[in-house]
Amino acid sequence: MSETRATAFERVAAELGYDFSGEMKLGGNYVPFLIEGNEVHLSGQIPRVGDEIVVRGRAGSEVSLVEAQLAAKVCVMRALALLQQALGDLDRVRKVLQLNVFVQCAEHFTQLSEVADGASAVLYEVLGAAGVHTRTSVGVYQLPKGATVELNLLAVALDRPR
C-alpha cells in the first residue's frame, strides 16, 4: 500500500526532527494564506519551529549549503502545514504551481538553486506529481529575523475551498 500525503508529511517531519503541528506564528499584520477561487496563495515562510528560527545567517559564510537546504525544507514543511490548514487535507492539493525561494547569502554564493532543491524535494516527496512546480530562487542581503531562507508558494485546490 502506498503512503498517503498526510503520512508522508509526518514521516518527513520526523526525519527532520521537528513538529509542524499547532499555531503558526505570524510576524506582522497579514494573513498566512489567501484563497481566491481554487488558488491558495501562501505568505512567506521562514524556518521557524515554534518560537525558534532554526537556521539563521548567510549561506556561503555562516551557513553551509546543507544547513541552507535544511532551512528550505523547514520553510516548505511550514507551507505544507498551512496548505493542510487552508484546505483541511493535503489530498485536496491538485498542484503546486509556483515556488519562490529567497536565500540570505554571502556576496559570492551562487548555489541558490541547490538551496531551493531542498524545498522542491520535500514537495515532491509529500505531494508526488502534484508537488512538481515552477520555481524562482533569488539571493538577498537580509531576511526577517536573520533567517537564511524565506519562501512562498501558489497552489491550486481540487475544488473551491470552503
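Owing to the predicted nature of the structure, the values given are computational and were not obtained by experimental measurement. (Residues numbered from 1 in each chain as written. Predicted model: local features only at pLDDT ≥ 70, side-chain atom pairs only at ≥ 80, totals over all residues. Heavy atoms only, no water.)

### Topic: the environment of Glu62
Definition in use: Only DSSP runs of H or I reaching four residues or more are called helices, and only runs of E reaching two or more are called strands; each is numbered from the N terminus. Working definition: with a 1.4 Å probe on protein chains only, accessible area under 20% of the residue-type maximum means buried, over 50% means exposed, and in between means partly exposed. Whether two residues are in contact is decided by their heavy atoms, any of which lying within 4.5 Å being enough. What qualifies as a polar contact is a pair of N or O atoms within 3.5 Å, subject to a donor-acceptor requirement within protein and to the restriction that residues adjacent in sequence count only when both atoms come from side chains.
You can see Glu62 is positioned in the loop between strand E4 (52-53) and helix H2 (65-87). A residue is classified by how much of its surface remains accessible, and Glu62, at 54% relative accessible area, is exposed. Sequence-wise, Glu62 and Leu112 are 50 residues apart; in three dimensions their C-alpha atoms are separated by 15 Å. Setting aside its immediate chain neighbours within four residues, Glu62 contacts Gly57 and Glu67. A polar atom in the side chain of Glu62 sits 2.5 Å from the backbone nitrogen of Arg58. Looking at Glu62, its side chain comes within polar contact range of the side chain of Ser61, at 3.3 Å.

### A word on the side chain of Arg58
So the rule is basically this: Positive charges come from Lys and Arg, negative ones from Asp and Glu, while His and the chain ends are left out of the count. Note on definitions: salt bridges are taken to be side-chain nitrogens of Lys or Arg within 4 Å of carboxyl oxygens of Asp or Glu.
Relative to the elements of secondary structure, Arg58 occurs in the loop between E4 and H2. With no salt bridge to any partner, buried Arg58 finds its closest opposite charge in Glu62, at an N-O distance of 5.2 Å. Residues within four places of Arg58 in sequence aside, it is in contact with Val63, Gln104, Cys105, Ala106, Val140, Tyr141 and Gln142.

### A closer look at unusual backbone geometry
The phi torsion of most residues other than glycine is negative, and most of the peptide bonds are trans. Even without glycine at this site, Lys145 takes up a positive phi of about 60°. Residue placement: Lys145 occurs in the loop between strand E6 (134-140) and strand E7 (149-157).

### Overview of H2
Heads up, the rule is: To estimate the expected span of a helix, subtract one from its residue number and multiply by 1.5 Å.
With 23 residues, H2 extends 33 Å between its outermost C-alpha atoms, agreeing within 8% with the 33 Å of an ideal straight helix rising 1.5 Å per residue. One or two positions beyond H2, positive phi appears at Gly88, with a value near 90°.

### What to know about the sheet that holds strand E5 (residues 93-104)
Note the cut-off: Whether two strands pair depends on DSSP finding at least two bridges between them. Only the stretch in contact is used when fitting a helix axis, every axis being a line fitted to C-alpha atoms; angles between N-to-C directions are given from 0 to 180 degrees.
The strand order E1-E2-E7-E5-E6 describes an open sheet built from 5 strands, whose pairing is mixed. At either margin of the open sheet sits one strand with a lone partner, and together these are strand E1 (33-36) and E6. Averaged over all pairs of adjacent strands, the angle between their axes in this sheet comes to 15°, without regard to strand direction. With 5 bridges joining them, strand E2 (residues 39-45) and E7 adopt antiparallel strand pairing. Following the sheet pairing, Gln45 is matched in E7 by Leu151.

### Here's the deal with the state of the cysteines
Filter applied, for reference: The criterion for a disulfide is a pair of cysteine sulfur atoms lying within 2.5 Å.
What the rule picks out here adds up to 0 disulfides. Left without a disulfide partner, Cys75 is nearest to the cysteine sulfur of Cys105, which lies 14 Å away. Residue classification places Cys75 among the buried residues on the basis of a relative accessible area of 0%.

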